[in-house]
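Residue strings, one per chain:
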Amino acid sequence: MSDTDSAVLLTARGLGKHYGSGDGKVRALDGFDLDVATGETLAVTGPSGCGKSTLLHLLGGLDRPDEGKVTIAGRAHRHHE
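Every residue gets a number counted from 1 within its own chain, in the order that chain's sequence is written. This being a predicted model, a pLDDT of at least 70 is required before a residue's local features are given, and a value of 80 or more before pairs of side-chain atoms are given or counted; all residues contribute to the totals for chains, interfaces and linings. Side-chain measures were taken over the full set of non-hydrogen atoms in the model, leaving aside hydrogen atoms and water.

Observations concerning unusual backbone geometry
Inference 1: Despite not being glycine, Ala-73 shows a phi value in the positive range, around 50°.
Inference 2: Every helix listed is a DSSP run of H or I at least four residues long, and every strand listed is a run of E at least two residues long, numbered separately from the N terminus. Looking at where Ala-73 falls in the secondary structure, it is placed in the loop between strand S3 (67–72) and strand S4 (75–78).

Let's talk about the environment of Ala-76
Inference 1: Mapping Ala-76 onto the fold places it in strand S4.
Inference 2: Judged by its relative accessible area of 38%, Ala-76 is partly exposed.
Inference 3: We call two residues contacting when some pair of their heavy atoms lies within 4.5 Å. Ala-76 has contacts with Val-70 and Thr-71, leaving out every residue within four places of it along the chain. Note on classification: 1.4 Å probe, protein chains only; a residue is buried when its accessible area is under 20% of the maximum for its type, exposed when over 50%, partly exposed between these limits.

Quick word on the pattern of salt bridges
Inference 1: Between Lys or Arg on one side and Asp or Glu on the other, a salt bridge is scored when a side-chain nitrogen of the former is within 4 Å of a carboxyl oxygen of the latter. Within the structure shown, the criterion is met by 5 salt bridges.
Inference 2: Here Arg-27 and Asp-30 are joined by a salt bridge, their closest N and O atoms 3.2 Å apart.
Inference 3: Residue Arg-27 is classed as partly exposed on the basis of its relative accessible area, which comes to 35%.
Inference 4: The class for Asp-30 is exposed, based on a relative accessible area of 58%.
Inference 5: Of the charged contacts in the structure, one is a salt bridge between Glu-67 and Arg-27, with a shortest N-O distance of 3.0 Å. Pair noted here: Glu-67 is in strand S3 and Arg-27 is in strand S2 (residues 26–37), with a separation of 40 residues, a long-range link.

Fair warning: the whole summary comes from geometry, so function is off the table for now.
This is the structure in structure tokens:
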């Protein structure tokens, strides 16, 4: 594998997403980090309610994280309050 093949395509750092507030606040993701290299294949698995769909929505740009950032092909996508 060449250096180009192993270049990081997607990076997630400190991703956090929550729903609700106060005592009813649910943290779907809390400080999640991930690096995906060009050409790499991943599977996201886990029990119902563990944050799989939330993670995919954040990585795909369908939703914004409450904390952290996603970088795709060197371009940062940050949540601004």
